[in-house]
Amino acid sequence: IRANVDDSQENPQEPAAGGLVNRTGIALYPKEGDFNTMVVQFTNDDYSSQVRIDVPKPAGLNSLTDKYTLRIEDYETSVYVFINNDPFVRIELEDKNEGVYSSGAVYDANMALQGTFSGMKVDAWGKVAFATRGANLNIYRVKIMSKVKKVTLELDSAWTIEER
């Protein structure tokens, strides 16, 4: 989420120093070896360190290996993540300076605080990127919506753009 790829197209794929994934932006990925936990990762400005916050899966989902729909709603200072329309993660961003947030908090589906971060870099607005790198992730459909236009990407067929 908010992956800034202006300096390198590889940043969403290459890990930061000591990191597993996502050199820039906010990363969401299942915790290695744990099918009940998702990691929310933030990276600092020079990619040298990360903060990883574990968030348990929603009660209605058996496992993060099940097929599910991941929906993200980005309202600049608040980012909401849903699995199968159930609340999953809430990210609150703080300390904005020159278009970049540096701290914030992560909550689970029950609004219980899971962790905080500071000294990280999250652009106020950015792009969405997908990187699988051999992960057991099958993307069936991606839909990106904004007030201006609706873009539907059918990854197993043709790409279509619908102007609204």
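### A closer look at the sheet that holds strand S2 (residues 37-43)
Thought 1: One open sheet accounts for three strands, arranged S1-S2-S3; its pairing is antiparallel. Strand pairing shows two members of the sheet lacking a second neighbour, strand S1 (26-30) and strand S3 (50-56), which therefore form its edges. Adjacent strand axes in the sheet meet at a mean angle of 25 degrees when their direction is disregarded.
Thought 2: Note that S1 and S2 share five bridges and pair antiparallel. Bridge pairing in S2 places Tyr29 opposite Val39.

### Regarding the packing of aromatic side chains
Thought 1: Summed over the entire model, instances satisfying the criterion amount to two aromatic pairs.
Thought 2: Between Phe42 and Phe117, the aromatic rings sit 3.8 Å apart at their centres with planes inclined by 15 degrees, giving stacked as the arrangement. One end of the pair, Phe42, is in strand S2; the other, Phe117, is in strand S8 (residues 113-117), with 75 residues separating them in the sequence. As far as the burial class goes, Phe42 and Phe117 line up, both buried.
Thought 3: Look at Tyr75 and Tyr80: their rings are 5.9 Å apart centre to centre, the planes differ by 70 degrees, and that puts the pair in the edge-to-face class.
Thought 4: The positively charged end of Arg71 is found above the aromatic ring belonging to Phe82, 4.0 Å away from the centroid.

Calculation criteria
Residues numbered from 1 in each chain as written. Predicted model: local features only at pLDDT ≥ 70, side-chain atom pairs only at ≥ 80, totals over all residues. Heavy atoms only, no water. Pairing = 2+ DSSP bridges. Helix = DSSP H or I, 4+ residues; strand = E, 2+ residues; numbered from the N terminus. Axes fitted to C-alpha atoms, helices over the stretch in contact; angles between N-to-C directions. Phe/Tyr/Trp six-rings, centres within 6.5 Å; stacked < 30°, edge-to-face > 60°. Buried < 20%, exposed > 50% of the residue type's maximum accessible area, 1.4 Å probe, protein only. Lys NZ or Arg CZ within 6 Å of the ring centre and 35° of its normal.

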